[in-house]
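Residue-level structural notes
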Amino acid sequence: MRSSQTDVLIIGAGPSGLMAGQALARLGVKILIVDRRLVGTQYGNADGLQPRTLEIWQSYGMLDKISPKSAAMHAMVSYEQDVEGKGLVRSTPSRNIVVTCRYPFELTASIDTIEQTLRMSLEAAGARLVQPVSPLSINILTEEPGITEELTHPIRVVLNHLNHEQAYPASHELDTTGNGNSTEFGSEIEEVSAKYVIGADGAYSWVRRQLGIQMEGDQTEYVWGVADVIVNTNFPDLRFKCIVQSSTGAIIIIPREEEKIRIYVQLSAQDIVKTQDGRLDKSALSPESIRAKVLSRAKVGLEPYLLEFRQVFWCTIFSVPQKVATHFSFRDRIFIVGDACHTHSPKAGQGANASMGDSHNLAWKIAYVLKGWAKTSLLDTYEVERRAYAQDLIELDKHIVKSLNDGTGTAAEYQHTIHQQNMFTSGIGVFYRSRLTDDGGNRYAVHLKAGERLPPSRLVRLADWHPMELQDLTPSDGLFKIFVLPCDIRIPDQTARLTQFSAALSLYAGPPETERISSFVIVNNSEEDVHWKNVPLPLQSWKRVFVSELGENGLYCKFGISSAGAAILVRPDGYISMLAELSDVGAGKIIAFLQDL
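Here we come to the packing of aromatic side chains. This model, assessed by the stated rule, comprises 17 aromatic pairs. Centre to centre, the rings of Tyr264 and Phe318 are 6.3 Å apart; their planes meet at 90°, and the pair counts as edge-to-face. One end of the pair, Tyr264, is in strand E16 (residues 261–267); the other, Phe318, is in strand E17 (residues 307–325), with 54 residues separating them in the sequence. The pair formed by Tyr264 and Phe318 is uniform in burial state, with each residue classed as buried. Between Phe328 and Tyr382, the ring centres sit 6.0 Å apart and the planes meet at 50°, which makes this aromatic pair tilted. Taken as a pair, Phe328 in the loop between E17 and strand E18 (329–330) and Tyr382 in helix H8 (residues 380–406) lie far apart in primary sequence, 54 residues in all. The pair Phe328 / Tyr382 is uniform in exposure class, with both members buried. Taken together, the ring pairs in this structure connect Trp364, Tyr368, Trp373, Phe480 and Phe593 into an aromatic cluster. The positively charged end of Arg333 is found above the aromatic ring belonging to Tyr196, 5.0 Å away from the centroid. One residue, Arg544, lies across the ring of Phe520, its end atom 5.0 Å from the ring centre.

The antiparallel open sheet is built from three strands, whose spatial order is E3-E8-E4. With one partner strand each, in any of the chains shown, strand E3 (48–49) and strand E4 (71–73) form the two edges of the open sheet. As paired strands, E3 and strand E8 (residues 106–108) are joined by two bridges and run antiparallel to one another. Following the sheet pairing, Leu49 is matched in E8 by Leu107.

With that settled, the discussion passes to the layout of surface pockets. Estimates place the volume of the second largest pocket at around 470 Å³. Lining the second largest pocket are 20 residues; nearest its centre among them are Thr100, Cys101, Arg453, Pro455 and Pro456. Partitioning the lining of the second largest pocket into residue classes produces nine nonpolar, four polar and seven charged.

We now examine the packing of helix H2 (residues 51–59) against helix H7 (residues 351–371). Across the interface, H2 lies against H7 with an axial gap of 10 Å and an inter-helix angle of 45°. By the angle class used here, H2 and H7 are oblique. Considering the relative orientation of H2 and H7, their crossing is left-handed. Across the interface between the two elements, Arg52, Thr53, Ile56, Trp57 and Ser59 from H2 touch Asn353, Met356 and His360 from H7. Classifying every residue of the contact of H2 with H7 gives three nonpolar, four polar and one charged.

One open sheet holds the seven strands; their spatial order is E22-E21-E25-E24-E23-E26-E27, and the pairing between them is mixed. Bordering the open sheet on either side are strand E22 (466–469) and strand E27 (576–580), each of which pairs with just one other strand. Going across the sheet, the axis of each strand differs from the next one's by a mean of 30°, ignoring polarity. As defined by bridge partners, strand E24 (residues 517–523) adjoins strand E25 (residues 545–548) across three bridges and the pair is classed as parallel. Along E25, the bridge assignment pairs Ile522 with Phe546.

One finds Ile31 and Trp57 to be the most contacted residues of the largest nonpolar core, which totals 107 residues. Per-element accounting of this core gives the leading share, nine residues, to H7. Ignoring sequence-local partners within four residues, the contact set of Trp57 consists of Met19, Leu49, Met62, Leu63, Ile66, Ile114, Thr117, Leu118 and Met356. The next biggest cluster of nonpolar side chains, apart from the first, holds 25 residues, and it includes Val77, Ile251, Ile261 and Val265.

A few words on the confidence of the model for the protein. A residue-level look at the protein finds 88% of positions with pLDDT of 70 or above and a mean pLDDT of 88. pLDDT under 50 marks residues 170–180. Its contacts with residues more than four places away, or in other chains, come to 23 contacts.

Now for the pattern of salt bridges. Any two side chains of opposite charge can pair if their charged atoms end up close together. Taken as a whole and judged by the stated rule, the model has 31 salt bridges. Two residues, Arg387 and Glu216, come together in a salt bridge whose shortest N-O distance is 3.6 Å. Taken together, the positions of Arg387 in helix H8 and Glu216 in strand E13 (residues 215–233) put the pair 171 residues apart, joining distant regions of the chain. Residue Glu216 is classed as partly exposed on the basis of its relative accessible area of 47%.

Moving on: the environment of Leu295. Relative to the elements of secondary structure, Leu295 occurs in helix H6 (residues 287–301). For Leu295, a relative accessible area of 12% corresponds to the buried category. C-alpha of Leu295 to C-alpha of Ala227: the two residues are 68 residues apart in sequence and 7.8 Å apart in space. In this structure Leu295 touches Ala227, Val229, Phe309 and Val312, once residues within four positions along its chain are discounted.

Now for H2. Counted residue by residue, H2 has eight buried out of nine residues, so it is predominantly covered. Buried within H2 we find Pro51, Arg52, Thr53, Leu54, Glu55, Ile56, Trp57 and Ser59. Those residues of H2 that are buried are in contact with helix H1 (15–26), E3, helix H3 (63–66), E8, helix H4 (111–124) and H7. Looking at the residues trailing H2, positive phi occurs at Gly61, about 75°.

Once that is clear, we can look at unusual backbone geometry. In this model, Gln131 is joined to Pro132 through a cis peptide bond whose omega is 0°. Its place among the elements puts Pro132 in the loop between strand E9 (128–130) and strand E10 (133–140). A cis amide bond links Leu537 to the next residue, Pro538, at an omega of 0°. As for its placement among the helices and strands, Pro538 is situated in the loop between E24 and E25. Positive phi, close to 55°, is recorded for Arg331, a residue that is not glycine. Structurally, Arg331 is set in the loop between E18 and strand E19 (334–336). Of note, Trp465 is a non-glycine position whose phi angle comes to about 60°, a positive value. One can find Trp465 in the loop between strand E21 (458–461) and E22. When its relative accessible area of 46% is taken as the criterion, Trp465 is described as partly exposed.

So, about H6. One full turn of an α-helix is made of 3.6 residues, so residues set three or four places apart face in the same direction. Between its terminal C-alpha atoms H6 stretches 21 Å, which fits the 21 Å expected from 15 residues at 1.5 Å a residue. Residues of H6 that are buried include every one of Ile290, Val294, Leu295, Arg297, Ala298 and Gly301, and no others. Along H6, the residues classed as buried sweep out an arc of 155° about the axis, all on the same side.

Scoring rules and cut-offs
- Along each chain, residues carry numbers from 1 onward, in the same order as the chain's sequence is written.
- The predicted nature of this model means local features are confined to residues of pLDDT at least 70 and side-chain atom pairs, given and counted, to a pLDDT of 80 or more, with totals for whole chains, interfaces and linings taken over all residues.
- Side-chain metrics rest on all non-hydrogen atoms present in the structure, leaving aside hydrogens and water.
- Here the aromatic set is Phe, Tyr and Trp, taking the six-membered ring for Trp, and pairing holds for ring centres within 6.5 Å; pairs whose planes are under 30 degrees apart are stacked, those over 60 apart are edge-to-face, and all others are tilted.
- Comment: elements are numbered from the N terminus, with helices defined as DSSP H or I runs of at least four residues and strands as E runs of at least two.
- A 1.4 Å probe rolled over the protein chains alone gives each residue an accessible area, and that area as a share of the maximum for its type sets the label: buried under 20%, exposed over 50%, partly exposed in between.
- For a lysine, the NZ atom is tested; for an arginine, the CZ atom; a charge sits over a ring if that atom is within 6 Å of the ring centre and within 35 degrees of the ring normal.
- DSSP calls a pair of strands paired once it identifies at least 2 bridges connecting them.
- Using protein atoms alone on a 1 Å grid, points that fit a 1.4 Å probe yet trap it form a cavity, whereas open point sets bounded by protein on both sides within 12 Å along at least five of seven lines form a pocket; residues with an atom within 4 Å of a point count as lining.
- Grid points are joined across faces, edges and corners, and a volume is the space filled by probe spheres set on the points.
- Put simply, Ala, Val, Leu, Ile, Met, Phe, Trp, Tyr, Cys and Pro go in the nonpolar bin, Asp, Glu, Lys and Arg in the charged bin, and everything else, Gly too, in the polar bin.
- Fitting a line to C-alpha atoms yields each axis, with helices limited to the stretch in contact; the angle taken between N-to-C directions then spans 0 to 180 degrees.
- By definition in this entry, angles of less than 35 degrees are roughly parallel, angles greater than 145 are roughly antiparallel, angles of 65 to 115 are roughly perpendicular, and the rest are oblique.
- Two helices that cross are described as forming a left-handed crossing if the nearer one is turned anticlockwise from the farther one by less than a right angle, and a right-handed crossing if clockwise.
- Pairs of residues are marked as contacts when any of their non-hydrogen atoms sit within 4.5 Å.
- Buried Ala, Val, Leu, Ile, Met, Phe, Trp, Tyr and Cys residues form a nonpolar core when they are joined through side-chain atoms within 4.5 Å.
- Residue-level confidence of the predictor is summarised by pLDDT, bounded by 0 at the bottom and 100 at the top.
- Here, a salt bridge means any side-chain nitrogen of Lys or Arg that lies within 4 Å of a carboxyl oxygen of Asp or Glu.
- Here a helix's expected span is defined as the number of its residues, less one, multiplied by 1.5 Å.
- Summarising the geometry, the arc corresponds to the directions from the helix axis toward the C-beta atoms.

Structure, rendered in structure tokens:
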């Protein structure tokens, strides 16, 4: 049996696993990703990226790679049955995203395109992805005081490198036995010693089951069909997100890349077969039968519009579990992300967004502990922050799914709910509360809160008047960012505060802190009135001094910055940790926070 070592072993190469892998690899962490699927296995799954996910992808430099291969979904419209139940009545269309954000739309693309883009980022960072591979066993060695060299990699995972014939198709994710492995040995057995393991292996997660972590929630009675297709039709709104309450039940249409669309259709109990424990039994229906049911339901539901299917790329049926894992981690060594720790319907459009959000939250924390920049307890904040988010997501999903399936809500009411909850569904309003968020400084920036993501804002670099975006100063590079906001630096008192803060920051911050901080100065002046050399050392840098747009659209007004100035500490994942006063006390508070990670 071959042996190997890695810092982090990731089991599962869907969006959550690939996101975690590329994020860790960029930070210099040695990783290995394995997946039981064959390369190129066709399956459906999530296909939409919400505005906050687009910001995250931009922070990794991936957004421009996927944008040309996707469709932008800007608008939404609903249809109801007419009073006689013989036709459909179109409502007034609206924007799909109604909150203020950098990217006021969703991007839709095939799961292949999403994963391929993540794989490219993974490969560019020099990480390893091996498939088809199935895990056989996992064990954590006891960590005694006075750790030995052997226990620096305390997790042992035995992997089965599968032959082509043994590899699992995507449908194997529906295995409910809890095994998820091949008992037949493949071409090679390997024991991997790892410091950490991330289980990104889906709703029937082998990792979660091996750890004995339970899923809490409901296995609902609701069953839906879904198909990715190209159609000939006289239905006028294929490039909108459409919600249709038809004679056959609810239908949702999502525009996709080029001429493709995705269609969701509500199915009835007569359409499906269940196992003894009440789960959907897909094996009782042939692929041809599933396809016929789904396409027929869509065709009849959209009458009197005509619908002819030119190409069907993928089609399946699914039930709607609404569950959250009791724990997202085990002994601060093994973590679960994505569908492994929360399952829900696609009706709120969260799918891969929630999964990749987990990984984005977790990756930098693991890297900090591995580098010795933080205590192990930093890893506890992953479960604190993301489990609270998952519980909020399930509550929203219950409301949406119940109204669509029970017929208690109209299509227009669904549209209203999505708008009402747009801060959450867009990801813009995701808010964290943990020891990483100090909410005591709100008076220095009254329109910001510690725990929210840093909003976008237009800036101009003072040295060359080059326009820039605030969020582009927060790439996912593993560094905390300090934004120093001294207001008008022509005022002597403000210059004095800036000098005091700068000197204190230099005094308090030693090499451990300066290695993980990037600092920027944003002044509330016009380009003509000040020079970047007016900023004191060590903050004086032509690359790091900016002016804000003046007036109500500027950063100072939008953020509600105090007339005495402020400092904003932003985490490596783009969320605000602290709002501090512009003084030696504020600088000391920021450095103390970083030293206590």
